[in-house]
Structures are given as structure tokens and as C-alpha cells.
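Take a look at the letters that make up each chain.
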Amino acid sequence: MTQHLAAPSTGTSAEAPGHPTGWWQDAVIYQVYPRSFADGNGDGMGDLAGVTARLPYLRDLGVDAVWLSPFYASPQADAGYDVADYRAIDPMFGTLLDADGLIREAHDLGLRIIVDLVPNHSSDQHEWFKRALAEGPGSALRERYHFRPGKGTDGELPPNDWESIFGGPAWTRTTDPDGTPGEWYLHLFAPEQPDFNWEHPAVADEFRSILRFWLDMGVDGFRVDVAHGLVKAEGLPDLGSHDQLKLLGNDVMPFFDQDGVHEIYRSWRTILDEYPGDRILVAEAWTPTVERTANYVRPDEMHQAFNFQYLSTAWDAAELRAVIDSSLDAMRPVGAPTTWVLSNHDVTRHTTRFANPPGLGTQIRTPGDGELGLRRARAATLLMLALPGSAYVYQGEELGLPDVTDLPDEARQDPSFFRAEGQDGFRDGCRVPIPWTREGSSYGFGAGGSWLPQPGSWGAYSVEAQSGTEGSTLELYRAAIATRREHPGLGAGTDVLWLDAPEGVLALGRPGFVCTVNTTGAPVRIDAPGRLLLSSGPVAVDGDTVELPADTTVWWTV
Ligand code: GLC
């Protein structure tokens, strides 16, 4: 039996009060991971010159903005998320002049630039931390971090029971200048990433100044790393659980999502508002619920927050519908656009997630059924791009790249691999340099090799192989993003209208559109809701009805 889909209403696209409108509300934002995007100088490591040279590719892809993961001076203990100097570019990525050139060139091409800001912790090679260690106990600089005496008879036990997100204790013991064991310091991530003490006014002042430095350079916004971590509960209380990783993301922790963080973002917002143009703050905040995420984007705080609940949702119609509804419901009262994201540099690429059975989380080590994964990934992307709000695309997903699940251990660089085998820590698999050409050294990534080995199959995924190729994933992304641009109704508003659909199928109405998603592994026949506009796989309309192939999304105009 075919299923009739009622025509959608135009939906309510009224702006909720509070936030001014701006480009970011329905923007498609492309994440560049500078190490792995393009290598301008042939040393095997991506760099800013490489990014600048490839900006026309991003313009042609049709995205509105580019978010760059950190390129600051850093010993690279956590791939640049350990910053030694927030106002300098690491020589492996280039110079400040290169950053200036990149920002200007992007603006000339109509692209905005968002940079990563890492305020929860610095590198242990940051000037403050080095001096704090060298000056020993009592150094005023120690107050800018969390130094504490240890417990036990000789201070040999960590000050509390917190664990590092990368595994092991969240505390490392220092050695005093005279060589004896000294105080401990807190690092929620690697030991090379000491946490700042945000109660200290010098820390707050320094970050206000760093914001201005980059705003003066012309950036259009900041992606705020670990935005939920800056404030720790008074007294750094024990957690009282040995299963900390299970609690993460499900509960408010004494070191995550404390209410005090919001005051910081209010103060930052006033700085951004002093600058001309629409500059934005985007929260990387892993919180237990979308409602708590919404707190970060209240009208006087940030503009957007990543929707990790969406990223973590399985390829299942009911679950997708539920998370779309709860995401839109949570953001509506604060007036911020909902965001959507499927992949980034910290999780297994969605092609590989969807190739595996659900329930394995976001760090997966098996390739699964690659063909199935790609089919679902393409369908998931078309669904994401049909939703109201802003969407994030991670470099290489437009090529349908899978995760590299068989990297040799000796090639790995992710610190969490070394600290927490078996827990997290397989992030290198989504960070392999992307292929530009069918052949050639590092498939056109650069004139040299690539810092993580690329699989032999990479050439077939290259931009060269997919450009102009009918049905390729790259052409699907280009067509979908162009269609979104031509029909502003697609990303606008705050609502979707759910239409009746058979089990396992989603049918959602947007102004002038219907998007149908078959999440099942079998074809489903429905009434054709309108004129076929775009589909994630081959589909044939048969008179008034259409057979939606398995794991396929179709856009219709109505
Ligand atoms: C964020 C980054 C991740 C990094 C961590 C510590 O979660 O996305 O890559 O390891 O913060 O800075």
C-alpha cells in the first residue's frame, strides 16, 4: 500500500526574541583540520598556505564559513589543542602574515573565518606555566592554574579522584626546583594541558585580550573549545565514582557544565558586540541534555552550540525524529538557531559509524559495511541539510571518506590512544590527510608525504576523481548546498512539520519542500509528495508514487 503524505504548511518561521538575526543562523560551516587539509610546503603536514590555496574549492562547495582547528604555537601534545602562545602561529603551520593572508583571501571570496579558542587549558610550555613550575610553591603564577598539595602522608596521592578525559588521573605531581616531589596540578586532558584557574582575574583579562587580538585580525568568530569546562566546583570536590567516563555527558560533573561558566561568555559577548560585522561565538559544550546546551546560547551569551546529541544519534527514524524535535524545542525559547553536525575531528566519521551496528558510541575501530555506511551517510547529510538552523561539515565528509580503522600503532599521534587504550583515543582515524588527486604523492595533499598514512584506496575518493562525476558524494554535497542557497526557506525558521509516513520513514515539511528519509534496509513505496529535487541515491518516480530505496533521502519541492 502506498502512503499518502499531506501537503505541509509553511511552518512557523517567526524569530524568537532576543538574538539578532545574522548570517550564522542558517550557515553551512566547514571545519578545516589544518594538519590534514592541504600541505603548502611539502613537509607532510598541512599548513595555512595550503588552506589559502584551496579556499576557492570551499567557495565552490558553497559553504558560508570555515572553522579552523588550532594553528597556534604549540608543542602539539594534543594536535594543537595545547597552546603555548595564543597570539602566534606555530611555524609548522606558517606565520601571522599567512593567517592575515588567509583571512583576507577568504573574505574576498565571500567566506567567513572562525578560529578555535582553547581557554580551558594551556600547554605546559606556556610562559605562565613554565614560570609557575620554575618558581616553585608559593609562586603567584601557580594561582593561575590549579596547583594543590597531594593527599597521603607525603603528599603522594592526587588531591582528588578526578580522572583525565584521556585516561589516568587528572593530576600530575610536580618536582620542586630542588628536585624533591612537590605539588600536583590539574589537567582534565593530557598532562601537557594544565587547566587554567578561571577564578583568577589575570586569566579572564588575558582571554579578553586574546579575543580582541583575533577580532582585530578580522576573524568572524570563535569556536570555543571545552566551553563547559572552565569553571570547577568550589573546593574541587571528589566525584566519588570510579566509573567517571560513564558519567561524562550524562550528568553535571564538578568540572563540567558548572553554572559559573555563563558569566564568562556574557563578558565575551559584550566584546564581540563592540566589533562591526556579525562575529560569533560557538560553544563546544558536551552537556547531559540539549536543554543545558541551550543555556550557552541565551541571548546575551554565545550564538551557537554544537549539537552532540544529534551527532550521537543512530540511523533510526524514531530516534532521529525525537532528537530533531528535542533540539528544536530546546533552542526555541532562547532564540538561538539549532545546529546539526555528523562528524568532526574527535569522533569516528559518520560513514563508518553508520557502517557499524548502532550502540558502539562515537569511537569505532571496525570498518563495518562500507557501502551501507556511505549510503546512509549520504542520506543523513541530505536530512541534516534540510533542517532549520546551521549545519557543520567536517573536511572530507563531502568526499564520503570513511575512518581509517587500521592505522598502525606506530603511526598514531592522538594522546588519548597512549593514555587510554580501549576507552577513547582512536581519533587519528578521522584525521588522515584528505585526497585531492587520484594519484601522486599523498594524493595531492602536498608535494611530500602525509603525517598519517593514507590508505591505497584514497585516490578514488579524491576531489579530482569525484568532480563532475555524476552521483559522486562531492557532487551531492555541492548540489545540496547550492539548493539550500537558492531556497533560503530550507535552513530558515525553527520548525519542521512531520507528515504521516510509514514506519522507518521520516517525512518532514519545510516551507515549499518535503524531505523524505527511508532509514530502513528495504524500499518503501509512498505517494510522491511533489517534484523530485535531489536524492542521496538513484530514485525513480513512477506516476504519482515513488519507491524510496533503502537508506535514501529525497528532497521534493511542493
Ligand atoms: C576538544 C577538542 C579535542 C581536544 C580537547 C582538549 O574536545 O575538540 O580535540 O583534544 O578539546 O582540548
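For the structure, see preceding data.
Residues numbered from 1 in each chain as written. Predicted model: local features only at pLDDT ≥ 70, side-chain atom pairs only at ≥ 80, totals over all residues. Heavy atoms only, no water.

**Regarding the site of the ligand**
The criterion, for reference: Working definition: residue near molecule or strand if any one of its non-hydrogen atoms lies within 4 Å of it. Polar contacts here mean pairs of N or O atoms no more than 3.5 Å apart (in protein, one a potential hydrogen donor and the other a potential acceptor; neighbouring residues in sequence count only if both atoms are side-chain atoms). Values of accessible area rely on a 1.4 Å probe in the Shrake-Rupley scheme; residue burial ignores everything except the protein chains shown. Under the grouping applied here, Gly and all other residues not named as nonpolar or charged are polar, the nonpolar ones being Ala, Val, Leu, Ile, Met, Phe, Trp, Tyr, Cys and Pro and the charged ones Asp, Glu, Lys and Arg.
Near the ligand, the surroundings consist of 14 residues, among which D78, D225, E284, H345 and D346 are the closest. Separating an oxygen atom of the ligand from a side-chain N or O atom of H345 is a distance of 2.9 Å. Contact with the protein chains removes 96% of the 300 Å² of surface that the ligand exposes when unbound. For the shell around the ligand, a count of residues per class yields 4 nonpolar, 3 polar and 7 charged.

**Here's the deal with the environment of A38**
For clarity, the threshold we go by: The helix count covers DSSP runs of H or I at least four residues long, the strand count covers runs of E at least two residues long, and both are numbered beginning at the N terminus. For this analysis, residues touch if any pair of their heavy atoms sits within 4.5 Å.
Mapped onto the elements, A38 comes out in the loop between α1 (34–37) and α2 (48–53). When the C-alpha positions of A38 and G152 are compared, they lie 51 Å apart, and in sequence the two are 114 residues distant. The contact partners of A38, leaving out residues within four places of it in the chain, are G46, D47, G50, V51, R54, W436 and F445.

**Quick notes on the packing of aromatic side chains**
Rules: Only the six-membered ring of Trp is used, alongside the rings of Phe and Tyr, when aromatic pairs are assigned; centres must lie within 6.5 Å, and planes under 30 degrees apart are stacked while those over 60 apart are edge-to-face, with the rest tilted. Only protein chains enter the accessibility calculation, which uses a 1.4 Å probe; a residue is then buried when its area is under 20% of its type maximum, exposed when over 50%, and partly exposed in between. Only when the NZ of Lys or the CZ of Arg is both within 6 Å of the ring centre and within 35 degrees of the ring normal is a charge said to sit over the ring.
Inspection of the entire model under this criterion finds 30 aromatic pairs. Measuring from centroid to centroid gives 4.6 Å for F306 and Y392, while their planes differ by 55 degrees, and the two rings are tilted. Separated by 86 residues along the polypeptide, F306 in the loop between β11 (304–305) and α10 (308–311) and Y392 in strand β13 (residues 390–394) bring together distant segments of the chain. Each member of the pair F306 and Y392 is classed as buried. Grouping aromatic residues by their ring pairs yields a cluster made of Y86, W128, F129, Y145, F147, Y185, F196, W198, F207, Y265, W268 and Y296. Against the face of W451 rests R35, its NZ or CZ located 4.5 Å from the ring centre. Its end group placed over the ring of W128, R144 keeps NZ or CZ at 4.4 Å from the ring centre.

**Focus: the pairing of strand β2 (residues 65–68)**
The condition that has to hold: In this description, strands pair whenever DSSP reports at least two bridges between them.
Residue alternation in β2 divides its side chains into two sets, A65 and W67 and V66 and L68, and both sets are buried. Of the pairings in the sheet, the one linking strand β1 (residues 28–32) to β2 comprises 4 bridges and is parallel in character. Paired with Q31 across the strands is W67, a residue of β2. Bridging between β2 and strand β5 (residues 112–117) involves 4 bridges; their strand directions are parallel. Paired with V66 across the two strands is I113, which belongs to β5.

**What about the side chain of S535?**
Mapped onto the fold, S535 is located in strand β18 (residues 531–535). The class for S535 is buried, based on a relative accessible area of 17%. Within polar-contact distance, the side chain of S535 engages the backbone oxygen of G537 at 2.7 Å. S535 has contacts with L382, L476, T553 and V554, leaving out every residue within four places of it along the chain.

**Considering the packing of helix α13 (residues 370–386) against helix α16 (residues 473–486)**
Basically, it comes down to this: For helices, the axis comes from a line fit to the C-alpha atoms of the stretch in contact; other axes are also lines fit to C-alpha atoms, and the angle between any two N-to-C directions lies between 0 and 180 degrees. What sets the label is the angle itself: under 35 degrees gives roughly parallel, over 145 gives roughly antiparallel, 65 to 115 gives roughly perpendicular, and the rest give oblique.
Two elements in contact, α13 and α16, have axes whose closest approach is 10 Å; the angle formed by their N-to-C orientations is 10 degrees. As judged from the angle between their axes, α13 and α16 are roughly parallel. Contact residues: L374, R378, T381, L382, M384 and L385 in α13; T473, L476, Y477, A480, I481 and R484 in α16. Looking at the contact of α13 with α16 residue by residue, the class counts come to 8 nonpolar, 2 polar and 2 charged.

**A word on the sheet that holds strand β16 (residues 513–518)**
Paired through their backbone hydrogen bonds, the strands of a sheet run either parallel or antiparallel. Within the open sheet, the 5 strands sit side by side as β14-β15-β16-β21-β18. Their pairing is antiparallel. Lying at the two open borders of the sheet, with one neighbouring strand each, are β14 (497–498) and β18. Sheet analysis places β18 next to strand β21 (residues 552–557), joined by 4 bridges and oriented antiparallel. Within β21, the residue paired with L534 across the bridge is W555.

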